[in-house]
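Chain by chain, the residues:
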Amino acid sequence: MSQPANLFTSSAKVPNQFIAEVNGVSIHLKREDLLHPEVSGNKFRKLKYNITEATSQKRQILLTFGGAYSNHIAATAAAGKISGFKTIGVIRGEELGEDLEKTLQENPTLRFAHGCGMEFHFVSRSDYREKTSEAFIEDLRKQFGDFYLVPEGGTNEFAVQGCEEILTPQDAEFDVICCAVGTGGTISGIINASEEHQQVLGFPALKGDFLKPEIARFSKKNNWDLITNYHFGGYAKVDEKLINFINDFRSRYGIQLDSVYTGKLLYGIFDLARTGYFLENTHILAIHTGGLQGIAGMNKVLKMKNLPPILTYDESSI
Ligand SMILES: *Cc1c(COP(=O)(O)O)cnc(C)c1O
């Protein structure tokens, strides 16, 4: 097997950027979106020790799961290519496999992953729900051989270990750390690396109450809470208010947000600050977890719904 390239050995340091003061509350943004052009933000952190583990187990294949616009699928495909692994993506949506050429033409995420060499296995939504069952995984092993399995969204103990590296000792000056939450791996690592005097607030990008026990399982402290009213109707759901906020944020601060995670996070933080949720003089550090690859696909969906596009620096994504 080829020696892994130095994807994860370079010093993974990003700047904290001052954004705004709202109602006496200062908001900084940790630019994890700048970590790597293809393995962006928290997916870089979550894959790091999984790839170390796969290497030490002498596996040559990474297999993982995701939806058709998944940041995790794109990141795993790119990381696999750079680190010398074959990658297999089990993708939700049987119909997408029927005419692969057409799917690749229409779906920028899958086109990118395919370009990185990822092989797809499309499954129905009901099969996809079975993805953690032993029988389902046994079937995959028969078909694809001895792979290293990265769970959906990448969350496991190795992912949490990687996310513990998001915070640096200098970040101890902040009172509140805020991040978007999908499966809970990222916030768990941040909680573990936080100081006792800090509060960690998670902003779930989806509805549902399964997250608290999941976070409690992976994290070692109690200085955290979830703010559950900024999901905008559910996972990948958006409205015009959110899109306007993301476009306004970009023109004001020159920073691109995505509509699935970081847009909802920043919308929530600004809204809470404006309405007096935080004490005066609170110093907030928000984590920009990346996810910008998903914008191009989201804009296709927005167009079909007659909603305005998310403006980007890359005109081809509109
Ligand atoms: C995947 C993702 C998250 C959610 O991370 P979890 O560890 O699953 O909670 C947050 N932000 C972005 C941009 C993501 O791609």
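As the structure is a computational prediction, the values presented were derived from the model and not from experiment.

About the cut-offs
- Residues numbered from 1 in each chain as written.
- Predicted model: local features only at pLDDT ≥ 70, side-chain atom pairs only at ≥ 80, totals over all residues.
- Heavy atoms only, no water.
- UniProt positions renumbered as here; feature names shortened; annotations may be inferred.
- Helix = DSSP H or I, 4+ residues; strand = E, 2+ residues; numbered from the N terminus.
- Pairing = 2+ DSSP bridges.
- Axes fitted to C-alpha atoms, helices over the stretch in contact; angles between N-to-C directions.
- Contact = heavy atoms within 4.5 Å.
- Near = heavy atom within 4 Å.
- Polar contact = N/O pair within 3.5 Å; in protein donor to acceptor, adjacent residues only side chain to side chain.
- Areas by Shrake-Rupley, 256 points an atom, 1.4 Å probe, with all protein chains shown as cover.
- Nonpolar A, V, L, I, M, F, W, Y, C, P; charged D, E, K, R; others polar.
- Domains from an automatic or database assignment.
- Phe/Tyr/Trp six-rings, centres within 6.5 Å; stacked < 30°, edge-to-face > 60°.
- Buried < 20%, exposed > 50% of the residue type's maximum accessible area, 1.4 Å probe, protein only.

Quick look at the UniProt feature "domain: Tryptophan synthase beta chain-like PALP" (unreviewed entry) in the protein chain
Next, step 1: What UniProt calls "domain: Tryptophan synthase beta chain-like PALP" (unreviewed entry) maps, in this numbering, to residues 19-290.
Next, step 2: Along residues 19-290 the backbone is 41% helical and 19% strand, and the end-to-end C-alpha distance reaches 16 Å.

Remarks on the sheet that holds strand β3 (residues 61-66)
Next, step 1: Spatial strand order, β5-β4-β3-β6: four strands in an open sheet with parallel pairing. Edge positions in the sheet fall to β5 (119-123) and β6 (148-150), since each has one partner strand and no second. This sheet shows a mean twist of 20° between the axes of neighbouring strands, independent of strand direction.
Next, step 2: Pairing of β3 with β6, which is carried by three bridges, proceeds in the parallel orientation. Looking at β6, one finds that L63 is bridged to L149.
Next, step 3: Those strands touched by helix α2 (residues 71-83) are β3, β4 (86-92) and β6, and its axis lies near 170° from that of β3.

Considering the site of the ligand
Next, step 1: K43, K46, T183, T186 and T289 are the nearest of the 15 residues found near the ligand.
Next, step 2: The separation between an oxygen atom of the ligand and a polar side-chain atom of K46 is 2.5 Å.
Next, step 3: Between the ligand and G184, the relevant distance is 2.9 Å, taken from an oxygen atom to a main-chain nitrogen or oxygen of the residue.
Next, step 4: When the ligand is considered free in solution it has 380 Å² of accessible area, and contact with the protein chains removes 98% of it.
Next, step 5: Secondary structure elements with two or more residues in the shell around the ligand: α1 (41-56) and α8 (185-193).
Next, step 6: Here the element with the most residues in the shell around the ligand is α1; it accounts for three residues.
Next, step 7: Across the shell around the ligand, the residue classes tally to two nonpolar, eleven polar and two charged.
Next, step 8: Both of domain 1 (5-37 + 158-316) and domain 2 (43-154) provide at least three residues apiece to the shell around the ligand.

Observations regarding the UniProt feature "active site" (unreviewed entry) in the protein chain
Next, step 1: Here, the residues flagged by UniProt with the feature "active site" (unreviewed entry) are S70.
Next, step 2: Turning to its location among the elements, S70 is positioned in the loop between β3 and α2.

A few points about the packing of aromatic side chains
Next, step 1: Going through the model one piece at a time under the given rule, you end up with 13 aromatic pairs.
Next, step 2: For the ring pair F232 and Y267, a centre distance of 5.0 Å and an interplane angle of 85° mean the geometry is edge-to-face. With a gap of 35 residues between them, F232 in the loop between β9 (224-226) and α10 (240-253) and Y267 in helix α11 (residues 262-274) connect regions that are remote in the sequence. Both residues of the pair, F232 and Y267, belong to the buried class.
Next, step 3: Relative to Y261, the ring of Y235 lies with its centre 6.0 Å away and its plane at 65°, an arrangement referred to as edge-to-face. Of the two residues, Y235 sits in the loop between β9 and α10 while Y261 sits in the loop between α10 and α11, which places them 26 residues apart along the sequence.
Next, step 4: Residue Y235 is classed as partly exposed on the basis of its relative accessible area, which comes to 41%.
Next, step 5: On the basis of relative accessibility, which here comes to 17%, the residue Y261 falls in the buried class.

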